[in-house]
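A closer look at the structure
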Amino acid sequence: MGSKQKGGAVAWGAPGASKWAGIGAAEVMLLLVAAVWGGSYAVAKQATQQLPVLEFIALRFGLTFVVLLPALRPLFNTQWRQGLAVGGLLGANLLAIFVCETFGVSLTSASNAAFLISLCVAITPFVEWWLLGQRPARRVFWAAGLSAFGAAMLSATSPADLSLGWGDGLMVIAAFLRAVMVCMTRRLAGRHALPALTLTAVQSGVMAIGAAAISLVASPANGTWHMPPATASFWWGMAYLVLLCTVFAFFAQNHAASRSSPSRVSLLMGSEPVFGALIAVYGFGERIGPWGWAGGLLIVVAAWWVTLPQPDLR
């Protein structure tokens, strides 16, 4: 698979293949991640109604770290310092993303959260410009404006009520941090030789420790922790979040982000809000009005438009 950067967009091609093709194992994995993550918002929203957000994050990623302990073996070599440094940096970024996402989804609807997180697709080319020096094409500026308007529409019940609530605002911040994460993973890919699963394990450990530390600092003086609920629904949801949304999804994203352009990764992940909205509506009984569907459609269209391959005019 090959790629050509041109004006901030990505034209994909390979010898004997169409530039519109180029779907390989990494891209298929990302589409599966989008479907799995689409359902995570409704599951996380239900879980955070039973356990405080920071304790929920610490439990989720603590369990993930335990599951991935065997994957830490490659750390025990001469490059362990570089691996820990990269994993620690990316883990801290992921912790910030999940704090914003989890608090955000607890304060807004799961469907809103799923649509708003896809703003990362329109934001990613700007972050590429900032971190990787690749200037976006002109249409990216139009797409970003379209996405921002769609985001405002999502939280409005009518055109006269355009606004962003706290939960919606946190999801927008999480979308920006996701764009930074994709670009940082690409930029740091050559600084370590760790397998994707090992990097995921390091990130999970950093996130579990970080969330627990923040929770202890932010908790009342007695530092009381809540026991996780003993309900089957909570633990089935936790299994879904740990095994599919974290172990599989982070492995797939780390694997693909080092083999594909950030904008292409974000484009493939742009189908996430569609899965998220459908699962929230048909699986958990949420309701989205016509104005909200229109706003979500604008975000998805902008996400599709911003990373369409440009023809090679040479």
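What counts as what
- Residues numbered from 1 in each chain as written.
- Predicted model: local features only at pLDDT ≥ 70, side-chain atom pairs only at ≥ 80, totals over all residues.
- Heavy atoms only, no water.
- Helix = DSSP H or I, 4+ residues; strand = E, 2+ residues; numbered from the N terminus.
- Buried < 20%, exposed > 50% of the residue type's maximum accessible area, 1.4 Å probe, protein only.
- Contact = heavy atoms within 4.5 Å.
- Areas by Shrake-Rupley, 256 points an atom, 1.4 Å probe, with all protein chains shown as cover.
- Expected span 1.5 Å × (residues − 1).
- Arc of directions from axis to C-beta.
- Phe/Tyr/Trp six-rings, centres within 6.5 Å; stacked < 30°, edge-to-face > 60°.
- Core = buried A, V, L, I, M, F, W, Y, C linked by side-chain atoms within 4.5 Å.
- pLDDT = per-residue confidence, 0-100.
- Salt bridge = Lys/Arg side-chain N within 4 Å of Asp/Glu carboxyl O.
- Axes fitted to C-alpha atoms, helices over the stretch in contact; angles between N-to-C directions.
- Parallel < 35°, antiparallel > 145°, perpendicular 65-115°, else oblique.
- Patch = residues over 30% accessible without salt bridge, like charges linked within 9 Å, V, L, I, M, F, W, Y side chains within 5 Å.

**Quick notes on the overall build of the protein chain**
From N to C terminus, the protein chain includes 12 helices and 2 strands. Starting at the N terminus, the α and β elements of the protein chain follow one another as β-β-α-α-α-α-α-α-α-α-α-α-α-α. Out of the 314 residues belonging to the protein chain, those deemed buried represent 51%. Look at the contacts in the protein chain between residues 6 or more apart in sequence, and 86% of them connect residues 24 or more apart. When the accessible area of the protein chain is evaluated, it comes to approximately 14,200 Å², of which 69% is carbon and sulfur surface.

**Examining helix H11 (residues 272-284)**
A rise of 1.5 Å per residue sets the reference length of H11, with its 13 residues, at 18 Å; its end C-alpha atoms lie 17 Å apart and thus fit the reference within 8%. Glu272, Pro273, Gly276, Ala277 and Ala280 are the residues of H11 that are buried. Taken down its axis, H11 places every buried residue within 125° of arc, on the same side. Exposed side chains of H11 directed beyond 90 degrees from the buried face belong to Tyr282 and Gly283. Following H11 by one or two positions, Gly285 has its phi on the positive side, about 75°.

**A look at the packing of aromatic side chains**
Where two aromatic rings form a pair, the distance of their centres and the angle of their planes describe that pair. Following the criterion strictly, the structure yields 2 aromatic pairs and no others. Centroid distance Phe234 to Trp235: 5.3 Å. Interplanar angle 85°. Geometry classified as edge-to-face. Here Trp235 falls in the partly exposed class, since its relative accessible area comes to 35%.

**Quick notes on the nonpolar core**
Ranked by internal contacts, the top residues of the largest apolar core, which has 69 residues, are Tyr41, Phe56, Ile57 and Phe98. Here this core gets 10 residues from one element, more than from any other, and that element is helix H7 (residues 166-188). Residues contacting Ile57, with those up to four places away along its chain left out, are Leu95, Phe98, Val99, Thr102 and Ala211.

**Some points on the confidence of the model for the protein chain**
The predicted model of the protein chain has a mean per-residue pLDDT of 76, with 76% of residues at 70 or higher. Here strand E2 (residues 9-13) stands out as the least confident element of the protein chain, with mean pLDDT 35; helix H2 (residues 53-67) is the most confident, with 93. Note that residues 1-21 has pLDDT below 50 and, in this model, 51 contacts with residues that lie over four places away or in other chains.

**Examining the environment of Val180**
Here Val180 is to be found in helix H7. Residue class for Val180 comes out buried when judged on its relative accessible area of 9%. In sequence terms Val180 and Leu131 are 49 residues apart; their C-alpha atoms lie 8.3 Å from each other. With residues near it in sequence (within four places) discarded, Val180 still touches Asn93, Val127, Trp130 and Leu131.

**Section: the pattern of salt bridges**
The full count for this structure, using the stated rule, is 1 salt bridge. Arg178 is paired through a salt bridge with Glu101; the nearest N and O atoms lie 3.1 Å apart. In this pair, Arg178 sits in helix H7 while Glu101 sits in helix H3 (residues 80-107), placing the two residues 77 residues apart along the sequence. A residue is classified by how much of its surface remains accessible, and Arg178, at 10% relative accessible area, is buried. On the accessibility criterion, Glu101 (8% relative accessible area) is buried.

**So, the packing of helix H4 (residues 110-117) against H11**
Their axes nearest at 8 Å, the elements H4 and H11 cross at an angle of 175°. Here H11 runs roughly antiparallel to H4, going by the angle between their axes. In this structure, H4 contributes Ala110, Ser111, Ala114, Phe115 and Ile117 to the contact, and H11 contributes Glu272, Pro273, Gly276, Ala277 and Ala280.

**Side note on a nonpolar patch on the surface**
On the surface, a nonpolar cluster with roughly 420 Å² of combined accessible area is contributed by Val274, Leu278, Tyr282 and Trp293. Looking at the nonpolar patch element by element, the count peaks at 3 residues for H11. Topologically, Tyr282 is positioned in helix H11. Residue classification places Tyr282 among the exposed positions, given a relative accessible area of 69%.

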